[in-house]
Structure formats: C-alpha cells, structure tokens
Amino acid sequence: FEEDVFCQINYLQALHWLSARVRPGSRITYVCPPTERLGSVSEQRLRELFEQRQPVNRNLLELAARMWPAVAADDASELSERIASEDFSAWPLLREGLQRQLARLPGSTNGLNRLEQAIVSAAAAGTKVFTDLFAAVWTSEPDYGVGDMQIVRYVLDLAHDDAALLHVTTSNGRPRMHASGWTNGQIAITDLGAAILNGEQDYMHVAKPDRYVGGVHVTRGSPFRWDGRTAIRIA
C-alpha cells in the first residue's frame, strides 16, 4: 500500500477485517512507504521495500478495529470525533488521510468538495485537454492517489446538464464513462462554474449529487459539510 487516501482506506478496511480473524502466532507483514509511489519505483527498490516490510502488530489491528466503523458510519461526525480523540501512534499518517477523506464531503463555502474544487480551479485557469487537467489535479492534491477514471467520473458529474460547472468535448462526441476519447478531451469552466468557484452560489443548491463518502450518503439534502477542519452538520 501507499500513504495516500485511496490506499489508506483500502488498507484500513483490510486491517479491520483481519482484526477479528488473526490467530495467535500468525505473522502478517506489510509494505507501506511513507512517500514513495510503488508504481514508479524500480524493480530493485521494490525488492528492498519488501525486505524492509513491517509486522502488522496488535496495536495497528486494534486501531483499525476502532476507526473503520467510524469511516463506514452514516454520520460524518463520528469520524470527526474519532480523528480528534484517537491515538494514531500505531499509524501516524492515518490521521491526515482521514481528514482528507472527510474533505470529500461538500465544502461549507460553495458546496464543492476538495477534489471538485481542484478540478474546477484547474479548468478556471484556462481550457485544458484532459491529460493536462489530470496532471494539474495530481499536482495540487497528490495525497488522494486518484486515478484517471476517478477524475473522469468527477468531470462527468461536474459537467452534468442539471448544473454544469464544466463544458466537456471529447473526440467521441458526448462524454461518457469510458477511457476512449478522453486523452484529448477539451474541458472548460462555465459561467455557473465560475460563480460557484467564487462562492457566489452553492453547488449543493443546484446539483443533484448521489454518492457515498464512506458511509455518508451525499445528496442535495445531506446535512454534512466540510469546513476545512472537521465535518459539520448544517440545518
């Protein structure tokens, strides 16, 4: 695994599953470098990292057993409270990762979550082909570990007809959830996108989101927002 949100959430769930199943005397180890991206290191470095693998100890399993239910809860305040009160000494970088997970909730300023904000901001800097927009998002938010098709999914949602913040043109015509045609796809910000980016309107008042952040179902009526520090409940 790597220390980005994508890997951390998957690793946390795996550890939670193991926490109730590991038998006394079992030996489980893991590779999780704090800064390196495993897909870009050499074969020799992978061997070195494997030789440096660490044991999955009881403290790590117990932390996962406490934290995963909060991630999966339908009330975002549970995770906020756990982040504030939990001892993360068994996995120090997890605290920041879980804060970034909560930042996937709609923002309290304009309704955009942290990744949506990065995508719309990149488009606001000028019409971009998808590969350049993807690179811009990775530069601004490298700790999410998102892949190209995850950004495609976000772009499609942000370009939806009911509240289009982005205008998208691909070589295959109407954009769709498929890798083909996106390499040279042109992405530009709309007037509504600029208004929401500037805080003049709230995205959650015009869009019709239907997604999950952990166990929280994000819809137009969802009460949870991210205020830059923690998840808050709004009226």
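Residues numbered from 1 in each chain as written. Predicted model: local features only at pLDDT ≥ 70, side-chain atom pairs only at ≥ 80, totals over all residues. Heavy atoms only, no water.

Engineer: How should the pairing of strand S5 (residues 186-189) be read in this particular structure?
Structural biologist: Looking down a regular strand, the side chains alternate between one sheet face and the other. Alignment of strand S3 (residues 128-129) against S5, held across two bridges, turns out to be antiparallel. The residue of S5 that forms the bridge with Lys 128 is Ile 187. Note: strand S4 (residues 166-169) against S5, four bridges, orientation antiparallel. By the bridge assignment, Thr 169 is partnered in S5 with Gln 186. (Pairing = 2+ DSSP bridges. Helix = DSSP H or I, 4+ residues; strand = E, 2+ residues; numbered from the N terminus.)

Engineer: When you look at the pattern of salt bridges in this model, what are you seeing that I'm missing?
Structural biologist: Per the stated rule, a full pass over the model turns up 15 salt bridges. The salt bridge involving Glu 86 is made with Arg 82; its shortest N-O contact spans 3.2 Å. For Glu 86, a relative accessible area of 9% puts it in the buried group. Since its relative accessible area comes to 32%, Arg 82 is described here as partly exposed. Notably, a salt bridge pairs Arg 153 with Asp 157, separated by 3.0 Å at the nearest N-O pair. Of this pair, Arg 153 and Asp 157 both sit in helix H8 (residues 148-158), four residues apart, which is roughly one turn of the helix. (Salt bridge = Lys/Arg side-chain N within 4 Å of Asp/Glu carboxyl O. Buried < 20%, exposed > 50% of the residue type's maximum accessible area, 1.4 Å probe, protein only.)

Engineer: It is not clear to me how the packing of helix H7 (residues 130-140) against H8 should be interpreted in this structure. Could you clarify?
Structural biologist: Two numbers describe how H7 lies on H8: the axes approach to 11 Å, and their chain directions differ by 105°. One way to sum up the angle between H7 and H8 is to call them roughly perpendicular. Contacts between H7 and H8 involve Phe 130, Leu 133, Phe 134 and Val 137 from the former and Asp 148, Ile 151, Val 152 and Val 155 from the latter. Of the residues in the contact of H7 with H8, the class split is seven nonpolar, no polar and one charged. (Axes fitted to C-alpha atoms, helices over the stretch in contact; angles between N-to-C directions. Parallel < 35°, antiparallel > 145°, perpendicular 65-115°, else oblique. Contact = heavy atoms within 4.5 Å. Nonpolar A, V, L, I, M, F, W, Y, C, P; charged D, E, K, R; others polar.)

Engineer: Explain the sheet that holds S4 here, please?
Structural biologist: Across a sheet, paired strands are connected by hydrogen bonds in the backbone, their directions being either parallel or antiparallel. Strands sit in the order S3-S5-S4 across an open sheet of three strands; the sheet is antiparallel. Across the chains shown, the open sheet's two edge strands, defined by having one partner strand only, are S3 and S4. Across the sheet, helix H6 (residues 114-124) lies against S3, S4 and S5, angled at about 95° from S5, the strand it touches most.

Engineer: It is not clear to me how the packing of aromatic side chains should be interpreted in this structure. Could you clarify?
Structural biologist: Given two aromatic rings, their pairing is described by the distance between the two centres and the angle made by the two planes. Taken as a whole and assessed by the stated rule, the structure comprises four aromatic pairs. Taken together, a centroid distance of 5.6 Å and an interplanar angle of 45° make the contact between Tyr 11 and Tyr 30 tilted. Pair noted here: Tyr 11 is in helix H1 (residues 5-19) and Tyr 30 is in strand S1 (residues 29-30), with a separation of 19 residues, a long-range link. Of the residues examined, Tyr 30 reaches a relative accessible area of 22% and is grouped as partly exposed. Ring centres 6.2 Å apart and planes at 20° place the aromatic pair Phe 130 and Phe 134 in the stacked group. Of this pair, Phe 130 and Phe 134 both sit in helix H7, four residues apart, roughly one helical turn. Following the ring pairs from residue to residue traces out a cluster consisting of Phe 1, Tyr 11, Tyr 30 and Trp 91. (Phe/Tyr/Trp six-rings, centres within 6.5 Å; stacked < 30°, edge-to-face > 60°.)

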